[in-house]
Amino acid sequence: GTNFDFVDAMSGEEDFAIAFTANVMKLHGKSLDSASNREKYLALADLVRTFLSKRLADTEAAYRQEQKKQVYYLSLEFLPGRLLAANLLNLGLQQVCEQGLRRLNINLAELIDQEEDPALGNGGLGRLAACYLDSMASLGLAGHGCGIRYRYGLFEQRVTDGYQREFPDNWLKEGRNEWEYRRPEETMNVRFGGRVRTIANGKLHFIHENYQQISAVPYDIPIAGYQNEIVNTLRLWSAEVDVTYQACTFDRHGKGCINVIADKHATESLTDTLYPDDSVYEGKLLRLKQQYFLVSASLQSILRKHVVNKADLRLLPEKLSIHINDTHPSLAVAELMRLLLDEYGLGWAESWDITTRTISYTNHTVLPEALEKWPIDLFQTLLPRIYMIVQEINERFCRELWDMYPGDWQKIKAMAIIADGTVHMAALAIAGSHRVNGVSAIHTQILKQKTMSDFYQLTPQKFLNITNGVTHRRWMLLANPDLAQLICEAIGDRWIANPDELQHLLNFAHDNSFCCAMAKVKFANKLRLAKYIQAKYGIAIDTCSLIDSHIKRIHAYKRQSMNVLHIMDLYNRILDNPHADIVPRTFIFAGKAAPGYYKAKQTIKLIHALAEKINHDPLVKNRIKVVFLQNYNVSHAELIIPGSDVSEQIPTASMEACGTGNMKFMMNGAVTIGTLDGANIAIWEAVGDDNIFTFGLTADQVLAYYRNGGYNPWDIYHQDLRVKTVMEQLVNGFFPYPEEFRAHYDAFLNQGDHYFVLKDFAQYVEVQNKLANEFINTELWQKKCIANVAHSGIFAGDRAFAEYALSVWDLAERPPCLRQ
Ligand code: 26Q
């Protein structure tokens, strides 16, 4: 029989063991005894992929037959996390696999650990895309990801002597990924550079000449829905040059094929690396090339499929939706226009109508430095035909604005797609979409009232909020199986399909045995985390201590430095009074800094300098430990989040569009200490004052300060001795090398404290104290944990995606959780 008979027949673990053993032999030409764990992992993944393949093909056939509306989620980033355990869970194979392997004396967990964690994203935005792929498949929506198959993922972070060092993330060492299907037959060609010749014979024709053409080869990764037989795809494009038929003429230097191969490698470098910056837009030519490469390859293949199925192009918006994840793929607007106009011969008005009704756009940031603007000359040289189309879009758009606001040049200039020598990608994305959404209530509010207020006034019907969500399958069932099981024992398993049902847990907040069981699960997860930290860093942490985690990209606005200042103050209390009554705490940090971001890198150094002092000071008597976990990735999050008591979500209000880590912590019963920003506000509304610790300036207050030129941090320095002390400690030799943290000192005091760290400090300390005192009241704390889990259902990705299905993509069938 075939490899997947064993599961299709549900024949059980014995057949599984046989099939697995045979697959090790087939794949590696080795017996089980002589295979390494990595080889065993690859054989298992291959077996699971075989199983996925049948459902992938069946799903595709079913969609075609039903003519189901397709959603294409275009994103420069996807951070899916490891896939083996997720696939086993979603395919319902966990048990048969675990027990089958046990028969062979193999521990499944050890094989799971052999998988590389694909790092094809920076952080929140890429992880959100992956959560949504999971939700779409699980809801039975025909939603697919389109991205880039970066040869190297986000850099690997190693810390030496407290400094971050970056290493290439060589995730495809074996030349291929075990989950993907390479589909060379579906290769698309993408054109760069050259020039455009215009011919007028009745109609205008645009002939693109002298371009460089690069092949885009798709690699499809199957994405399984949760126990529903659906398998969608994540299609990742790779730049490749086929030299098979390229003649190598010997030039006068006698080089021949060497040149051809050298050109091949230069061209293929297009998809070599992911840009490692998640908050500052970098106007690099290669980045724009990557964006167009993704957009053009994706749209060509989407349209080809549509046309091959004999569907009318005029029906495009009814048959499919194209969603763009931030402005990074916003060239989709112009590329879809190009294909409709030049390749399929439609007129402008019709093409524009089709385009705007097909495309929708999610904004993920209001930080001005992150808004994408491309210099015209660079844009025009790389994409001459696309630039012509953008110009035409801009002209028509500005004419429309002129009709609306005659004479208001200032407003028109502020909204124009091309202005001040640059192409404004957000303006292009808004003009070319029928829906624009923010990712939390406050973020959407700020978009409407500030960042995009002109556009909102022009087309209010385009704008809406859809608060982000995360997949509770990965973040609860997979990352915290003991908690999931406990919940099932208490309220049954319907919450898995319908996370709102987690609310029933509130009935158990006063149930002693349930509370104890929850505490036990948390303790076991803390122990698991402590063992990892001990093994990896030789640091012993107290599993009874309050574990407080701050894990996310390192950025000034996320204020890891404020967390550090609080720990310094806590330490100062011990130095002042060695017997101070301090609740034992473990502070965990993890996160990468953009390689060129000096201050963020110095924050990593500061965390290490502090850890070095505190972890070794006998006066502290182990009451405080500080740990920095290196190379933060999805797998580390799966380990840290279930083992944490407190979730640090302390950005300067108004700056974090949403945050999604906050939701994952909440699902796992950690209590948030947070500012009133992004989804923290929604969490606060869901759990109520008693079950979250909020503090600090509101977004309105922060924005008001900015309008009035900021505030004077020296006032606080002089008023609050604690602030003065920690500030001086940054530069007075308290840490070795007194000049090391001068940049931080200056930013806080001499450059106006742009992120309001000192302004929020006193309230932060106060609420940290309050939190610690409530933590030691175990019974009270358990109730908080339960309340957090119970109210986390609204943050499930399924809810978020159902909202997209309904309000953005207009999918005919309502997903189950929105059905009445
Ligand atoms: C742009 C141009 C050139 C190079 C890089 C970039 C770039 C790359 C990644 C700009 C931004 C990003 C990533 C942004 C991001 O992760 N934003 C986060 O998105 C989450 C999901 O919506 C939110 O929860 C976070 O609040 C937001 O910071």
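Residues numbered from 1 in each chain as written. Predicted model: local features only at pLDDT ≥ 70, side-chain atom pairs only at ≥ 80, totals over all residues. Heavy atoms only, no water.

### Examining the overall build of the protein
- On a plain count of helices and strands, the protein comes out with 34 helices and 23 strands.
- Compactness check: the protein gives a C-alpha radius of gyration of 27 Å against a globular reference of 28 Å for 820 residues, within 12% of the reference.
- If you line up the protein on its principal axes, its C-alpha atoms span 90 × 75 × 70 Å.
- The buried share of the protein, taken over its 820 residues, is 60%.
- Taking the intrachain contacts of the protein between residues at least 6 apart in sequence as the baseline, contacts between residues at least 24 apart amount to 76%.
- In the form shown here, the protein has an accessible surface area of approximately 32600 Å², with 50% of it arising from carbon and sulfur atoms.
- Side-chain charges of the protein comprise 85 positive and 95 negative groups, with the mean position of each set lying 2 Å from the other. (Helix = DSSP H or I, 4+ residues; strand = E, 2+ residues; numbered from the N terminus. Rg over C-alpha atoms; globule rule 2.2 N^0.38 Å. Buried < 20%, exposed > 50% of the residue type's maximum accessible area, 1.4 Å probe, protein only. Contact = heavy atoms within 4.5 Å. Areas by Shrake-Rupley, 256 points an atom, 1.4 Å probe, with all protein chains shown as cover. Lys, Arg positive; Asp, Glu negative; His and termini not counted. Charge placed at Lys NZ, Arg CZ, Asp CG, Glu CD.)

### Side note on the sheet that holds strand S22 (residues 671–675)
- Judged by pairing direction, the sheet is parallel, and its six strands sit side by side in the order S20-S19-S18-S21-S22-S23 without closing on themselves. Edge positions in the sheet fall to strand S20 (624–629) and strand S23 (693–695), since each of these pairs with one other strand and no more. Across the sheet, the axes of successive neighbouring strands diverge by a mean angle of 15°, strand direction being ignored.
- In this structure, strand S18 (residues 546–551) lies alongside strand S21 (residues 646–649), joined through two bridges in parallel fashion. Bridging across to S21, Ser549 finds its partner in Ser647.
- Across the sheet, helix H23 (residues 560–576) lies against S18, strand S19 (585–590), S20, S21 and S23, angled at about 155° from S19, the strand it touches most. (Pairing = 2+ DSSP bridges. Axes fitted to C-alpha atoms, helices over the stretch in contact; angles between N-to-C directions.)

### Quick look at the packing of helix H2 (residues 13–28) against helix H5 (residues 94–103)
- Closest axis-to-axis distance for the H2/H5 pair is 8 Å, and the angle between their directions is 70°. Of the possible angle classes, the one that applies to H2 and H5 is roughly perpendicular. The chirality of how H2 crosses H5 is right-handed. Contacts between H2 and H5 pair Glu13, Glu14, Phe16, Ala17 and Phe20 from the former with Val96, Cys97, Gln99, Gly100, Leu101 and Arg103 from the latter. (Parallel < 35°, antiparallel > 145°, perpendicular 65-115°, else oblique. Left-handed = near helix turned anticlockwise from the far one by under 90°.)

### What to know about the pattern of salt bridges
- With the rule as written, the count across this model stands at 45 salt bridges.
- Between Arg553 and Asp278 there is a salt bridge, and its shortest N-O distance comes to 3.8 Å. Here Asp278 lies in the loop between helix H8 (257–268) and helix H9 (285–308) and Arg553 lies in the loop between S18 and H23, a separation of 275 residues in the sequence.
- According to the relative accessible area criterion, Arg553 is buried, its value standing at 7%.
- Exposure remark for Asp278: the relative accessible area of 36% places this residue in the partly exposed category.
- Between Asp342 and Arg385 there is a salt bridge whose closest N-O contact spans 2.6 Å. Here Arg385 lies in helix H14 (residues 384–404) and Asp342 lies in helix H11 (residues 332–343), a separation of 43 residues in the sequence.
- Beyond isolated ion pairs, a larger network of salt bridges with shared partners links Arg183, Glu186, Asp220 and Arg235. (Salt bridge = Lys/Arg side-chain N within 4 Å of Asp/Glu carboxyl O.)

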